[in-house]
Amino acid sequence: MLAPAERTRYEAYRQPADRLRFLTGRVLARTVAGRYLGVPPTSVELDATCPDCGKQHGKPRIPGNDLELSISHAGQRVGLAVAVGTSIGLDVESTSRSSGDDLLNYALSDAELDAVAGRPAAERARLFFTYWARKEALMKATGLGLKVPLRSITLAPPEAPPALLASAHDALDPATTAIVDLDAGQGYAAAVAALTANGLTVNQRWWRAADFGELKPSR
């Protein structure tokens with residue numbers, strides 16, 4: 001199911017697990033998009049052209065169609081977000097990774113740092129990856145990725161519903177963004193974001209590898 005440029009990316013990964021995550025994301029995207037469009041997965045064209053360098057490592061899209069896609073993977077999770085006519089972003093993070101002070105200071109705004117200050121280390125790490133997944137989802141929705149500095153956006157405190165409170169970057173406006181946390185299972189944080197003023201309703205489905213051919217939800 002991989003296009004030549006995708007096969008090049010696949011073969012460039014040094015670790016087998018990274019290859020499988022990339023492959024699973026692309027196959028899932030083509031299979032789900034094919035069902036939406038009523039065409040075989042192998043006929044779905046995915047264009048991931050980077051607007052800066054022209055290489056195939058940007059946000060995937062289907063040329064000539066208003067179906068929006070976002071792929072994310074971490075650890076044993078591979079996720080796909082799909083919307084029609086609305087820019088979306090999905091991010092999945094493994095919460096088992098280290099989250100020291102250097103990483104917190106790199107990713108969190110001053111207000112967010114205050115919100116996690118003084119909390120136990122385990123809780124601080126959990127909250128950090130919640131923030132991180134929400135921010136990455138927002139940045140992916142813009143199509144700009146890390147061109148939107150993580151510290152340039154401030155999110156609602158962890159106890160409040162997910163929301164963008166302030167942004168120093170023109171690509172994001174609190175009035176036209178929506179964020180929803182996802183249940184990615186124990187050891188993971190995940191969120192989907194959309195550039196919309198109309199709110200966001202998410203239908204989340206799970207699949208096992210054994211169900212992949214028919215895309216039957218496992219729960």
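Residues numbered from 1 in each chain as written. Predicted model: local features only at pLDDT ≥ 70, side-chain atom pairs only at ≥ 80, totals over all residues. Heavy atoms only, no water.

Engineer: Quick question: what am I supposed to make of the packing of helix α1 (residues 4-12) against helix α2 (residues 16-37) here?
Structural biologist: In helix packing, the relevant descriptors are the interaxial angle and the interaxial distance, both defined with respect to the helix axes. Remark: α1 packs on α2, axes separated minimally by 8 Å, with the N-to-C direction vectors making an angle of 155°. As the angle between them shows, α1 and α2 are arranged roughly antiparallel. Here α1 runs over α2; the crossing is right-handed. Between α1 and α2, the residues in contact are Glu-6, Arg-9, Tyr-10 and Glu-11 and Arg-19, Phe-22, Leu-23, Arg-26 and Arg-30, respectively. (Axes fitted to C-alpha atoms, helices over the stretch in contact; angles between N-to-C directions. Helix = DSSP H or I, 4+ residues; strand = E, 2+ residues; numbered from the N terminus. Parallel < 35°, antiparallel > 145°, perpendicular 65-115°, else oblique. Left-handed = near helix turned anticlockwise from the far one by under 90°. Contact = heavy atoms within 4.5 Å.)

Engineer: How should I be thinking about the sheet that holds strand β6 (residues 178-182) in this particular structure?
Structural biologist: Strand pairing in a sheet takes place through backbone hydrogen bonds and is either antiparallel or parallel in direction. Read from one edge to the other, the open sheet built from three strands follows the order β3-β7-β6, with strand pairing classed as antiparallel. The sheet is open, and its two borders are formed by β3 (88-94) and β6, each paired with just one other strand. On average, each strand axis in the sheet is inclined to that of its neighbour by 15°, with strand direction left out of account. With seven bridges joining them, β3 and strand β7 (residues 188-194) adopt antiparallel strand pairing. (Pairing = 2+ DSSP bridges.)

Engineer: Help me understand the environment of Ser-152 in this model?
Structural biologist: One can find Ser-152 in the loop between α5 (121-142) and β4 (153-155). In this structure, the C-alpha to C-alpha distance between Ser-152 and His-169, residues 17 residues apart in sequence, is 6.5 Å. Apart from residues lying up to four places away in sequence, Ser-152 is in contact with Ala-166, Ser-167, Ala-168 and His-169. A polar side-chain atom of Ser-152 sits 2.6 Å from the main-chain carbonyl oxygen of Pro-149. (Polar contact = N/O pair within 3.5 Å; in protein donor to acceptor, adjacent residues only side chain to side chain.)

Engineer: Mind showing me how you'd approach the packing of aromatic side chains here?
Structural biologist: To describe a pair of aromatic rings, you give the distance between the ring centres and the angle between the ring planes. Under the criterion given, the structure shown has three aromatic pairs. Their ring planes at 45° and their centres at 5.7 Å tell us that Tyr-13 and Phe-22 sit as a pair that is tilted. Exposure remark for Phe-22: the relative accessible area of 2% places this residue in the buried category. Arranged with centres 5.1 Å apart and planes meeting at 70°, the rings of Phe-128 and Phe-129 form a pair that is edge-to-face. Assessed through its relative accessible area of 0%, Phe-128 is described here as buried. Judged by its relative accessible area of 0%, Phe-129 falls in the buried class. Across from the ring centre of Tyr-10, 5.2 Å away, lies the NZ or CZ of Arg-19, which sits over that ring. (Phe/Tyr/Trp six-rings, centres within 6.5 Å; stacked < 30°, edge-to-face > 60°. Buried < 20%, exposed > 50% of the residue type's maximum accessible area, 1.4 Å probe, protein only. Lys NZ or Arg CZ within 6 Å of the ring centre and 35° of its normal.)

Engineer: I would appreciate a short explanation of the pattern of salt bridges in the present structure.
Structural biologist: Any two side chains of opposite charge can pair if their charged atoms end up close together. One pass over the structure, following the stated rule, counts eleven salt bridges. We note a salt bridge from Arg-26 to Glu-6, for which the minimum N-O separation is 3.1 Å. You can see Arg-26 sitting in helix α2 and its partner Glu-6 sitting in helix α1, a full 20 residues away along the chain. The same class applies to Arg-26 and to Glu-6, which are both buried. When salt bridges that share partners are traced, they join Glu-6, Arg-26 and Arg-30 into one network. (Salt bridge = Lys/Arg side-chain N within 4 Å of Asp/Glu carboxyl O.)

Without other data, these values stay purely geometric and don't point to any function.
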